[in-house]
Amino acid sequence: MAAEETTAAELQRLLEVQKAALRERGPPGVRERERRLDVMVQLLLANEDDLVAAVTADFGVRPREVTRFADVLMALEAFKAARAGVRSWCRPERRRVDFPFNVVGATNYVEYQPKGVVGVVAPWNYPIMLLLTPVASAFAAGDAVLLKPSELAPRTAALIAQLINDAYDESIARVVLGGPQTSAALAALPLDHLVFTGSTRVGKLVAAACARNLTPTTLELGGKCPVIVGTRADVTACAKRVVHGKILNSGQTCLAPDYVFVEESVRDAFVEAFERTIADMFPHGVLGSGDYASIISAAHGDRLRALVTEATRAGCRVVECRGGAADDANEDAARRVAPTLILDAGDALRVSSEEIFGPLLVVRTYARLPGALFFISGR
């Protein structure tokens, strides 16, 4: 269901339309900004079920509650918050006048102006929330937007494009479809700001493209999220919390823990508590459960399995947590990866150096807390 690439010429045309509208009309007033925000609120409320269904179809298996909460509701709250605050945000702010201008009656204030046209290039893991939340700020600021959703969630992208492109004039908002070629062409435009969420590797390419036009950027990139279980902590409670953080969206979340440090003497207890928690949550098994999200694509599933294979060959202890029963995956087995603990992983392994972005978790040990903190701060 791949969408055709949006041409560079079409992107340039849309940019010129939006910039011309801002020049001719001037900054939109508060009521117009409120209207734009209200339209999106109503759009999300009226189409919630269709949006949830589209995300579910793109993932194959994904709990609908996750999409409602982490995608639709979070996007909706961003627009509601902007709607509540936009009027006060638009007010000029007085500033102190310094000598000698204060003695001659000068006044000083800051009046916030729209940047212009804001581009948003969004990822697939939360394809509604990560595409639309920057739009709430842009609309409140009076900006126009060009939006590029991820091609890895094509049904969601197509639905959002239909909804937004029907609801707004192209001088205000336009969703463009396509793959990496379209994303690269959008980043190469002389935008007034670009918001990108994705990998560090692609983020570097985006930053380089934007630098040619001195386009300011907001980059939310990948990383390694650590967890430290303290020496006096309740190991069982900590294991449960780590499980919840790790299996949300099957670890396909930027905040999901990539590795956990536990004190050497309680490592086995942590592993056992982790396994037990998974078994309690999925008494009939993980891989066949509709409450456990699939990996976004077979290629991403293969990447995760390759990380496990490399760790196994390096002599690491690998613990696959398949829940209360050794169930079989559904028909889309290539996209089903069980929560997996990897112990004794060396620093040279890819699972130790790359952002995992899946349900794999490296378990490390420490003798003294400063040693764990030193390891983390060096990365």
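Every value quoted in this text rests on a predicted model; they were computed, and no experiment measured them.

So, how was this worked out
- Within each chain, residues carry numbers counting from 1 in the order of the written sequence.
- Only residues with pLDDT of at least 70 are given local features in this predicted model, and only at 80 or more are side-chain atom pairs given and counted; all residues enter the totals for whole chains, interfaces and linings.
- Think of the side-chain values as coming from all heavy atoms in the structure, minus any hydrogens and water.
- Throughout this description, the term nonpolar core refers to a set of buried Ala, Val, Leu, Ile, Met, Phe, Trp, Tyr and Cys residues connected via side-chain atoms within 4.5 Å.
- Accessibility here uses a 1.4 Å probe with only protein chains present; expressed as a share of the type maximum, an area under 20% marks a residue as buried, one over 50% as exposed, and anything in between as partly exposed.
- Strands here are runs of E lasting at least two residues and helices are runs of H or I lasting at least four, both read from the DSSP assignment and numbered beginning at the N terminus.
- Throughout, a contact is declared for two residues whenever any of their heavy atoms are within 4.5 Å.
- In this analysis an axis means a line fitted to C-alpha atoms, helices contributing only their contacting stretch, and an angle means the value between N-to-C directions, from 0 to 180 degrees.
- By the definition used in this description, the sense in which the near helix is turned from the far one sets the handedness, with an anticlockwise turn below a right angle giving left-handed and a clockwise turn giving right-handed.
- Throughout this entry, Asp, Glu, Lys and Arg are counted as charged residues, while Ala, Val, Leu, Ile, Met, Phe, Trp, Tyr, Cys and Pro are counted as nonpolar. The remaining residues, Gly among them, count as polar.
- Exposure above 30% relative accessible area and no salt bridge define the residues that can form patches, which grow by joining like charges within 9 Å and nonpolar side chains of Val, Leu, Ile, Met, Phe, Trp and Tyr within 5 Å.
- Method for areas: the Shrake-Rupley scheme with a 1.4 Å probe, in which residue coverage is limited to the protein chains shown.
- Salt bridges, as used here, are contacts in which a Lys or Arg side-chain nitrogen is within 4 Å of a carboxyl oxygen on Asp or Glu.
- We call two strands paired when DSSP finds no fewer than two bridges between them.
- We place a 1 Å grid over just the protein atoms. Points where a 1.4 Å probe fits but has no way out form a cavity, open points with protein on both sides within 12 Å along at least 5 of 7 lines form a pocket, and any residue with an atom within 4 Å of a point lines it.
- Grid points are joined across faces, edges and corners, and a volume is the space filled by probe spheres set on the points.
- Any pair of N or O atoms that falls within 3.5 Å is considered a polar contact. Within protein, one atom must be able to donate a hydrogen and the other to accept it, and sequence-neighbouring residues count only if both atoms are side-chain atoms.

A. Quick peek at the nonpolar core. Counting residues in hydrophobic clusters, the biggest one holds 44 residues, and the most contacted among them are Met-40, Phe-79, Leu-132, Phe-139 and Ile-164. Elements represented by at least two residues in this core include exactly α2 (30-46), α3 (48-59), α4 (64-89), β3 (117-121), α5 (129-141), β4 (144-148), α6 (154-167) and β5 (173-175). Considering every element that reaches this core, the biggest residue donor is α5, with seven residues. When near neighbours in sequence (up to four residues on either side) are disregarded, Ile-164 contacts Met-40, Leu-43, Leu-132, Leu-147, Ala-173 and Val-175. Counting 25 residues, the second-largest nonpolar core is a separate cluster that includes Phe-270, Phe-282, Tyr-292 and Leu-361.

B. Representation of the packing of α2 against α6. Following both chains from N to C, one finds α2 and α6 inclined at 145 degrees, their axes separated by 11 Å at the closest point. The way α2 lies across α6 gives a crossing that is right-handed. Facing α2, whose interface residues are Val-39, Met-40 and Leu-43, α6 presents Leu-163, Ile-164 and Ala-167. Its residues assigned to classes, the contact of α2 with α6 shows six nonpolar, no polar and no charged.

C. Spotlight on a nonpolar patch on the surface. A cluster of nonpolar side chains, namely Phe-99, Phe-101, Val-103 and Val-104, defines an oily patch on the protein surface of about 500 Å² accessible area. When you line up the elements, Phe-101 lands in the loop between β1 (93-94) and β2 (109-110). What makes Phe-101 exposed here is its relative accessible area of 55%.

D. A look at the pairing of strand β6 (residues 193-198). Among the six residues in β6, five count as buried, and that is most of the element. Relative to β6, β3 runs parallel, the two being bridged by four bridges. When the bridges of β6 are listed, Val-118 appears paired with His-193. In the sheet, β6 pairs with strand β7 (residues 217-221) via five bridges, with the strands oriented parallel. Each residue of the ladder has a partner; that of Gly-198, found in β7, is Leu-221.

E. Representation of empty space enclosed by the protein. By the definition in use, this model includes one cavity of 30 Å³ or more. In terms of lining, the largest cavity is formed by Leu-43, Leu-44, Leu-51, Ile-128, Leu-132, Ile-160, Leu-163 and Ile-164. Secondary structure elements with two or more residues in the lining of the largest cavity: α2 and α6. Among the elements that take part in the lining of the largest cavity, α6 stands out by supplying three residues, more than any other. Here the residues of the lining of the largest cavity sort into eight nonpolar, no polar and no charged.

F. A look at the sheet that holds β4. The sheet built from five strands is open, its strands ordered β5-β4-β3-β6-β7 with parallel pairing. Both outer strands of the open sheet, β5 and β7, are each paired with one neighbouring strand and no more. Going across the sheet, the axis of each strand differs from the next one's by a mean of 10 degrees, ignoring polarity. For β3 and β4, the ladder comprises five bridges, and the chain directions are parallel. From the neighbouring strand, Val-121 faces β4, where its bridge partner is Lys-148.

G. Focus on unusual backbone geometry. The omega torsion of the bond from Phe-99 to Pro-100 falls at 10 degrees, within 30 degrees of zero and hence cis. Examined against the element boundaries, Pro-100 turns out to sit in the loop between β1 and β2. Phi at Ser-250 takes a positive value of approximately 55 degrees, unusual for a residue other than glycine. Mapped onto the elements, Ser-250 comes out in the loop between α9 (235-247) and β9 (259-263). Taking relative accessible area as the criterion, Ser-250 reaches 0% and is therefore assigned buried. For Phe-357, which is not a glycine, the phi torsion comes out positive at approximately 55 degrees.

H. View of the layout of surface pockets. Each pocket or cavity is described by its volume, and for the largest pocket that value is around 1,100 Å³. Of all the secondary structure elements, the ones that give two or more residues to the lining of the largest pocket are α7 (180-187), β6, α8 (200-211), β7 and α11 (298-313). Here the element with the most residues in the lining of the largest pocket is α8; it accounts for six residues. Along the lines of polarity and charge, the residues of the lining of the largest pocket split into 19 nonpolar, eleven polar and eight charged. Estimates place the volume of the second largest pocket at around 240 Å³. Lining the second largest pocket are Pro-27, Arg-33, Trp-89, Cys-90, Pro-92, Glu-111, Tyr-112, Gln-113, Ser-137, Ala-140 and Ala-141. No other element matches the three residues that α5 contributes to the lining of the second largest pocket. The residue inventory of the lining of the second largest pocket, partitioned by class, reads seven nonpolar, two polar and two charged.

I. Representation of the side chain of Thr-215. Residue placement: Thr-215 occurs in the loop between α8 and β7. A polar side-chain atom of Thr-215 sits 3.4 Å from the main-chain carbonyl oxygen of Leu-191. If sequence neighbours within four positions are ignored, Thr-215 has contacts with Leu-189, Pro-190, Leu-191, Asp-192, His-193, Leu-194 and Cys-210.

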